[in-house]
Amino acid sequence: MSVRGNRSSPHVAHSGTSTPLLFETLYNAAKVVPQKTKDDLNSRDNIDTMTIQLSSPDITQAEIDAVTAVLRTPHLSLGPELAAFEAALAQYHGLPDAVAVSSGTAGLHLALLTLGVGEGDEVIVPSFAFIAVANAVLQVRATPVFAEIDPVTLNLDPAAVERAVTPRTRAILVVHTFGVPAEMDAIQAIASRHGLFVIEDACEAIGAEFGKPPHARRVGSFGDLAVLGFYPNKQLTTGEGGAVLARDAGHAARLRSLRNQGRASQLGGDWLDHAEPGYNYRLSELACALGRAQLSRIGEMLALRQAAAERYDALLGAVPGLEAPALAFPNRTISWFVYVVRLPGHVDRDRVQAALASQGIATGRYFAPIHLQPAWRGHPSAKAAALPITEQIAARTLALPFFNRITASQQEDVASALQDAIRAESQIR
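In this text, all values refer to a predicted model and were calculated from it rather than measured experimentally. The residue numbers shown here count from 1 along each chain, following its written sequence. Restriction of local features to residues with pLDDT of at least 70 applies here, the model being predicted, together with a cutoff of 80 or more for giving and counting side-chain atom pairs; totals for whole chains, interfaces and linings are based on all residues. To obtain the side-chain values, all non-hydrogen atoms of the structure were used and water was disregarded.

K.L.:
How do you make sense of the confidence of the model for the protein chain when you look at a structure like this?
P.N.:
Should pLDDT be low for a region, the predicted coordinates there are not to be read in detail. As a per-residue measure, pLDDT reflects the predictor's confidence and takes values from 0 up to 100. Taken as a whole, the protein chain shows an average pLDDT of 90; of its residues, 88% reach a score of 70 or greater. When checking whether two residues touch, look at their non-hydrogen atoms; a contact exists if any pair is within 4.5 Å. Confidence over residues 1-39 falls short of pLDDT 50; this stretch has 33 contacts with residues more than four positions distant or in other chains.

K.L.:
How should the pairing of strand β5 (residues 197-201) be read in this particular structure?
P.N.:
The two faces of a sheet get side chains in turn, since along a regular strand they alternate between them. Relative accessible area decides the class of each residue, using a 1.4 Å probe on protein chains only: under 20% of the type maximum gives buried, over 50% gives exposed, and in between gives partly exposed. Counting from the N terminus, the helices are DSSP H or I runs at least four residues long and the strands are E runs at least two residues long. Summarising burial for β5: 4 of the 5 residues are buried, a large majority. A pair of strands is treated as paired once DSSP finds two or more bridges between them. In this structure, strand β4 (residues 169-175) lies alongside β5, joined through 5 bridges in parallel fashion. Along β5, the bridge assignment pairs Val175 with Asp201. One ladder, built from 3 bridges, connects β5 with strand β8 (residues 225-229); its direction is parallel. For Asp201, the partnering residue across the bridge sits in β8 and is Val227.

K.L.:
Looking at this model, I keep getting lost on the sheet that holds strand β7 (residues 217-218). Mind explaining?
P.N.:
The strand order across the open sheet built from 3 strands is β7-β6-β10, with neighbouring strands paired in antiparallel fashion. Lying at the two open borders of the sheet, with one neighbouring strand each, are β7 and β10 (332-333). In this structure, strand β6 (residues 209-210) lies alongside β10, joined through 2 bridges in antiparallel fashion. In the sheet register, Glu209 faces β10, and the bridge partner there is Thr333.

K.L.:
Just to check I follow, could you spell out the nonpolar core for this structure?
P.N.:
Buried together is how nonpolar side chains tend to be arranged in soluble globular proteins. In terms of nonpolar packing, the biggest core is built from 39 residues, with Leu112, Val117, Val123, Phe146, Leu173 and Ile370 touching the most fellow members. With 6 residues, helix α5 (residues 104-114) is the single largest residue contributor to this core. With residues up to four places along the chain from it excluded, the contact list for Ile370 reads Pro126, Ser127, Ala129, Phe130, Ile131, Val133, Ala134, Phe146 and Trp376. Core analysis: the second largest hydrophobic core is formed by 29 residues, Ala308, Val319, Phe329 and Trp336 among them. Here, nonpolar core means buried Ala, Val, Leu, Ile, Met, Phe, Trp, Tyr and Cys residues that are tied together by side-chain atoms lying within 4.5 Å of each other.

K.L.:
Just to check I follow, could you spell out the sheet that holds strand β9 (residues 242-246) for this structure?
P.N.:
Across a sheet, strands are paired by hydrogen bonds formed along the backbone, either parallel or antiparallel in direction. Strand order in this open sheet of 7 strands is β1-β9-β8-β5-β4-β2-β3, and the pairing throughout is mixed. In this open sheet, the two edge strands, each paired with only one partner strand, are β1 (97-101) and β3 (143-147). Put simply, the sheet's adjacent strands are angled 25 degrees from each other on average, direction ignored. Each axis is a line fitted through C-alpha atoms, taken for helices only over the stretch in contact, and angles between the N-to-C directions span 0 to 180 degrees. Helix α9 (residues 249-259) rests against β1, β8 and β9 of the sheet, and its axis sits at about 15 degrees to β1.

K.L.:
So what exactly am I meant to see when it comes to the packing of aromatic side chains here?
P.N.:
Remark: the centre distance and the inter-plane angle together describe each pair of aromatic rings, the angle taken between the planes. Centre distance within 6.5 Å is the pairing criterion for rings of Phe, Tyr and Trp, where only the six-membered ring of Trp is used; planes under 30 degrees apart are then read as stacked, over 60 as edge-to-face, and the remainder as tilted. Summed over the entire model, instances satisfying the criterion amount to 14 aromatic pairs. Relative to Phe178, the ring of Phe128 has its centre 5.8 Å away and its plane inclined at 75 degrees; by these criteria the two rings are edge-to-face. Placement of Phe128 in the loop between β2 (122-126) and α6 (132-139) and of Phe178 in the loop between β4 and α8 (184-194) is noted, with a sequence separation of 50 residues between them. A relative accessible area of 0% means that Phe128 is categorised as buried. On the basis of relative accessibility, which here comes to 7%, the residue Phe178 falls in the buried class. In this scheme, the term charge over a ring applies when either NZ of a lysine or CZ of an arginine sits within 6 Å of the ring centre and within 35 degrees of the ring normal. Across from the ring centre of Tyr92, 3.7 Å away, lies the NZ or CZ of Arg218, which sits over that ring.

K.L.:
For this particular structure, what's the right way to read unusual backbone geometry?
P.N.:
In terms of backbone geometry, most residues other than glycine have negative phi values and most peptide bonds are trans. Between Pro213 and the following residue, Pro214, the backbone shows a cis peptide bond with an omega angle of 5 degrees. Take Pro214: it is sitting in the loop between β6 and β7. In this chain, Tyr366 is followed by Phe367 through a cis amide linkage whose omega measures -10 degrees. The backbone of Leu78 shows a phi angle near 55 degrees, a positive value even though the residue is not glycine. Tracing the backbone shows Leu78 in the loop between α3 (61-71) and α4 (80-93).

What follows is the structure in structure tokens.
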């Protein structure tokens, strides 16, 4: 009798003889090159041809050993690596529990469901963010309400959040943009006054801290629930993956049930008993092993990114009209996710991107406002949004190559090319 995935057993078995065939299949699949359909400076096809990538994961022999060790076990899903990774994440954030999921987007979806956010509710979100924050709200049939950002930190402006509260508001979904902690004391005060949930989107900010020393805490430890993301461009990667941090045991139990098809086995039932409709948002043992190895190096990796940010700051300080991101804020420790500059107002960003691309340097538009995206601009929430600061800043932002192992010489090449492109733009005026 054959075993088919997760339908009959909580563990996925494999035989030693099938592993070479699996790797051969994956290798052959990897050799298939997708056909380019659009000459787009931000397309994945174009980025992959660059000599200086926009991002690059930091994988060492420790990660390779951890992942290959899992392949020698009978547990590829819901095994000991999952439990160990979750325990390590919870300990790192000083919280009772962490629930690993298949992506940060899945984590946002489950966080909203777990808190009972649904049809008729409003959730305050930034538009200057990755589109998943609004999509997740829509997935639970709630309404996103876009609020303005602070022009310096690029996080939700607490005053704008206060103005956005209505009798239908149920939660504030606060993003720690680019790894800069949001103003959590003010956000929590607003939530407390109005009886709202706080969900932290810390997908870009693992290791960041907020608060006055010695009482500073890591982001993710403030909200009712918090979400982490582990995509390859993040500070810590599991390939694909995420986690939800929880302080309430009941929330953690429901998160585990929902991520695993709503199985009652999470609550003591049989594997084929389902307490409610759920989802396949599980994270594999391979991914958890990779994540656990990465987490053991998180201090080193964040220090490398801090050093890279400082090098860019020194290189770009003399470029006329260019605004580099602040290296520090009061009562905050930044976890550098990306390095995003603001171009001078007269500069055409597309031409700058094209100039850098011609030299093999990848760049990105971080972020295109959600309310202006084709998928959203016809939605009533987008039509109601009045966000002049978001729109003005988003039109000028440009993400430069940034990753743990970027070299000083690569950063010098980027800075030189950027300065030349801006100088050329000035001559066009």
